[in-house]
Amino acid sequence: AQPGDGLYATGCIGDGLLGLYAARGELGMLDAAATERLARHYRLPEPRLEIAGTLRAVATASADVSDGFLADAGHLAEASGVRITVALDRVPLSDEGRAWAGGRPDSVAALAAGGDDYQIVFTAAPDHAGAAQRIATRVGEVSAGTGLVATWRGAVMPVERRGWRHG
């Protein structure tokens, strides 16, 4: 990743965490069909093979979202020696994710840290923004510096849990 790149997320973030809750029977707020869809998503992840060609053509850095979107974006920042800013209010959520989060920044952050989404977080140069946005949602940017910064509606938001930490 390079300063000036955009940060992108494919698919819906947070459905892996909600799927875990659904598989445990801990999502009473959803109807049976939504609960089953989320549990199936958790138990049988589907890799995003259909976007591989575009991703190869546009991504300057990428990772699958298995540890949690925030953790995996942080891995990209660390590996590239840059700062990545994630706008949590732009993270794409499913209808179930939006309902569960209820517009609360801390709940959106929890979904973004949940893991097991098996979507892709990637960066792309500005000249590839159009192609990147055909397969993903722009959720942030890359700048000089180090580390990961989360924001909510432009204000820096401290996030303690970013996802799974390998021991």
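Predicted model only: the values in this text are computed from it and were never measured.

A. A look at the overall build of the chain. On a plain count of helices and strands, the chain comes out with seven helices and seven strands. Put simply, the chain runs from its N terminus to its C terminus through helices and strands in the order β-α-α-α-β-α-β-α-α-β-α-β-β-β. Relative to the globule expectation of 15 Å for 167 residues, the C-alpha radius of gyration of the chain, 15 Å, shows essentially globular dimensions. For the chain, the spread of C-alpha atoms along the principal axes amounts to about 45 × 35 × 30 Å. Taken over 167 residues, the chain has a buried fraction of 49%. Within the chain, contacts between residues separated by at least 24 positions form 81% of all contacts whose residues are at least 6 apart in sequence. With 16 positive and 20 negative side-chain charges, the chain shows a spacing of 2 Å between the two charge centroids.

B. Region of the structure containing the packing of aromatic side chains. Applying the stated criterion across every chain yields a total of two aromatic pairs. When the ring of Tyr-8 is compared with that of Phe-122, the centres are 5.2 Å apart and the planes differ by 20°; the resulting orientation is stacked. With Tyr-8 in strand β1 (residues 6-9) and Phe-122 in strand β4 (residues 120-124), this residue pair connects regions lying 114 residues apart in the sequence. Residue class for Tyr-8 comes out buried when judged on its relative accessible area of 0%. Owing to a relative accessible area of 0%, Phe-122 belongs among the buried residues under this scheme. Summarising the aromatic geometry, the rings of Tyr-21 and Trp-100 are spaced 6.2 Å apart at their centres and angled 40° between planes, so their arrangement reads as tilted. Of this pair, Tyr-21 sits in helix α1 (residues 15-23) while Trp-100 sits in helix α5 (residues 95-101), placing them 79 residues apart in sequence.

What counts and how
Residues numbered from 1 in each chain as written. Predicted model: local features only at pLDDT ≥ 70, side-chain atom pairs only at ≥ 80, totals over all residues. Heavy atoms only, no water. Helix = DSSP H or I, 4+ residues; strand = E, 2+ residues; numbered from the N terminus. Rg over C-alpha atoms; globule rule 2.2 N^0.38 Å. Buried < 20%, exposed > 50% of the residue type's maximum accessible area, 1.4 Å probe, protein only. Contact = heavy atoms within 4.5 Å. Lys, Arg positive; Asp, Glu negative; His and termini not counted. Charge placed at Lys NZ, Arg CZ, Asp CG, Glu CD. Phe/Tyr/Trp six-rings, centres within 6.5 Å; stacked < 30°, edge-to-face > 60°.

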